[in-house]
Amino acid sequence: MTETRRKQGKSVFIRTYGCQMNVYDSERMAGLLKPLGYGLADAPDDADLVILNTCHIREKAAEKVYSELGRLKKMKSEKARAGGDMKIAVAGCVAQAEGPEITARARHVDMVVGPQAYHRLPELLARAARDDGDILETDFAVDEKFDRLAKRSADGPTAFLTIQEGCDKFCTFCVVPYTRGAEVSRGVDAIVAEARALAAQGVREITLLGQNVNAWRSAAPSGESGARWGLGELCRHLAKIDGIERIRFTTSHPRDMDDGLIAALGEETKLMPYLHLPVQAGSDKILKAMNRGHTAAHYIRQIEQIRAARPDIAISGDFIVGFPGETNEDFEGTLALVEEIGYASAYSFKYSRRPGTPGAVMPKQVAEPEKDERLARLQTLLEAQRRDFNQRQIGGVLPVLFEKPGRHEGQLIGRSPYLQSVHVTAPQSMLGSIAPVRIDDTTPNALAGVLVKQGEAAA
Ligand code: 5AD
Ligand code: SF4
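In this text the structure is predicted, and so the values were computed from the model without any measurement.

Attention now goes to the overall build of the chain. When helices and strands are tallied, the chain shows 13 helices and 22 strands. With the principal axes as the frame, the chain shows a C-alpha extent of 65 × 60 × 50 Å. Each of the 459 residues in the chain was classed as buried or not, and the buried ones make up 54%. Expressed as a percentage of contacts within the chain between residues at least 6 apart in sequence, the contacts between residues at least 24 apart total 70%. Put simply, the chain shows about 20100 Å² of open surface, and 50% of that area lies on carbon and sulfur atoms. Here the chain carries 60 positive and 61 negative side-chain charges, and the mean point of each set is 2 Å from the other.

Taken together, Cys167, Lys169, Phe170, Cys171, Phe173, Cys174, Val176, Pro177, Asn212, His253 and Arg292 make up the full set of residues adjacent to ligand 2. Looking at the shell around ligand 2 residue by residue, the classes come out as seven nonpolar, two polar and two charged.

The strand order across the open sheet formed by three strands is 8-11-14, and the pairing between neighbours is parallel. The sheet is open, and its two edges are formed by strand 8 (158-162) and strand 14 (246-250), each paired on a single side. Here the average twist between neighbouring strands, direction ignored, is 25°. As paired elements, strand 11 (residues 205-209) and strand 14 share five bridges and run parallel to each other. Bridge pairing links Glu205 to Arg246 in strand 14. Across the sheet, helix 1 (residues 20-33) touches strand 8, strand 11 and strand 14, and the angle it forms with strand 8 is around 95°.

This part covers the site of ligand 1. Every residue lining ligand 1 is accounted for by Ile57, Arg58, Phe173, Gln280, Asp318, Ile320, Phe349, Lys350, Tyr351, Ser352 and Arg354. The separation between a nitrogen atom of ligand 1 and a polar main-chain atom of Phe173 is 2.9 Å. In this structure, Gln280 approaches ligand 1 through a side-chain N or O atom, which is 2.6 Å from an oxygen atom. Protein chains bury 87% of the 400 Å² of accessible surface belonging to ligand 1 in isolation. Within the residue set of the shell around ligand 1, elements represented by two or more residues are strand 16 (314-321) and strand 17 (345-350). Within the shell around ligand 1, the residues separate by chemical class into five nonpolar, two polar and four charged.

What counts, and where the lines are drawn
Residues numbered from 1 in each chain as written. Chains lettered and ligands numbered in written order. Predicted model: local features only at pLDDT ≥ 70, side-chain atom pairs only at ≥ 80, totals over all residues. Heavy atoms only, no water. Helix = DSSP H or I, 4+ residues; strand = E, 2+ residues; numbered from the N terminus. Buried < 20%, exposed > 50% of the residue type's maximum accessible area, 1.4 Å probe, protein only. Contact = heavy atoms within 4.5 Å. Areas by Shrake-Rupley, 256 points an atom, 1.4 Å probe, with all protein chains shown as cover. Lys, Arg positive; Asp, Glu negative; His and termini not counted. Charge placed at Lys NZ, Arg CZ, Asp CG, Glu CD. Near = heavy atom within 4 Å. Nonpolar A, V, L, I, M, F, W, Y, C, P; charged D, E, K, R; others polar. Pairing = 2+ DSSP bridges. Axes fitted to C-alpha atoms, helices over the stretch in contact; angles between N-to-C directions. Polar contact = N/O pair within 3.5 Å; in protein donor to acceptor, adjacent residues only side chain to side chain.

Taken by themselves, the reported measurements are silent on function.
Pasting the structure below:
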């Protein structure tokens, strides 16, 4: 969860839950409201408008929204008693999935706006000011949304850039195809324009976002070779933009990992050697029940192919334990797959029953204590792999992009190609630049190192 802060004139407080695409969307909402005179508020109680940009992926994430709405109700009535006004908007995937329920359960919510409709926030605000009753906007109009968003303003040397939204895969545990809609790709020209604008503002690293980012497909721009491009071609094209030094993309699906993208990973040095490729489970029976469309062996072969193309690549993943029907033996399959791949980092979750998804009504739901036990075992293994991966960097030199000042005087925090935080003693003037760092220590969540002086051997 992240919070967007600062105060000037009329103000908006945005609380962001969930994935990186929500972080991107929150930033775009702030940009949309700026011309209307809204600065960013430090805290919700200061704000004229509070937006909760919500996540529906697991039950816990959705529940948080209702408890936050409870707190906001009190603030809103205190503000009203003092003669002020606070509008409350629920945006994001809970808005999309539970819109009418939100307006019924939380009468103090003024606006409910889905992830494909937030470009209409200015109109909705005007309607809310007229007190138009329940305002519910959950249409899917992705193209219109991107056309109507304000120009980006960058905040630091790294930025997210949404290139694809939605999902047609219908994994049986997942709400995304229902909350974010069908797969839609933005066109090359719009993406390039956004990337150029970011580069002009000092952005050095872009992370291309999509629920199925490697399902991105679009017509090649005129004058370029090929008729239809995939993500590999797009990355090579974006790598030509001056100032953009690093390109990442997330989240990929094994079914869309095509040869063109693997070749680009092997050849385009601006593409970072780090790939988030979720597999979810290691048993073919469970993968089938999840409707993943691939087997464990297929995934392992694919990783071998990617590693052959880009030997320094690190792999990260997502896992679910306790999907309906998962036996101990199936779970052992997940552990075996993790042992075989060796992950640099990973996210793992207990299966959460989501209303409306096929998994929710499958027989043989796994008991909670069993899920707890499996999650603990899986996380112990993944954590050991992450520690090993970090330890292996000690003594080596990694290029680090310096993003922000550290907590100690004279210290900067940057990122390695593998997304590890790196703490380095370095002058402020190096913020936004990339420099080689010799790694000499690791802590549970970060690496530490020293700048490699010019002329010193970089190996
Ligand atoms: N229960 C638990 N985890 C889930 N994810 C998606 N849906 C569920 C669910 N119902 C996880 C998957 C996905 C990540 C973003 O969230 O691992 O890759
Ligand atoms: Fe959800 Fe599966 Fe689509 Fe990923 S690929 S968003 S897990 S349905």
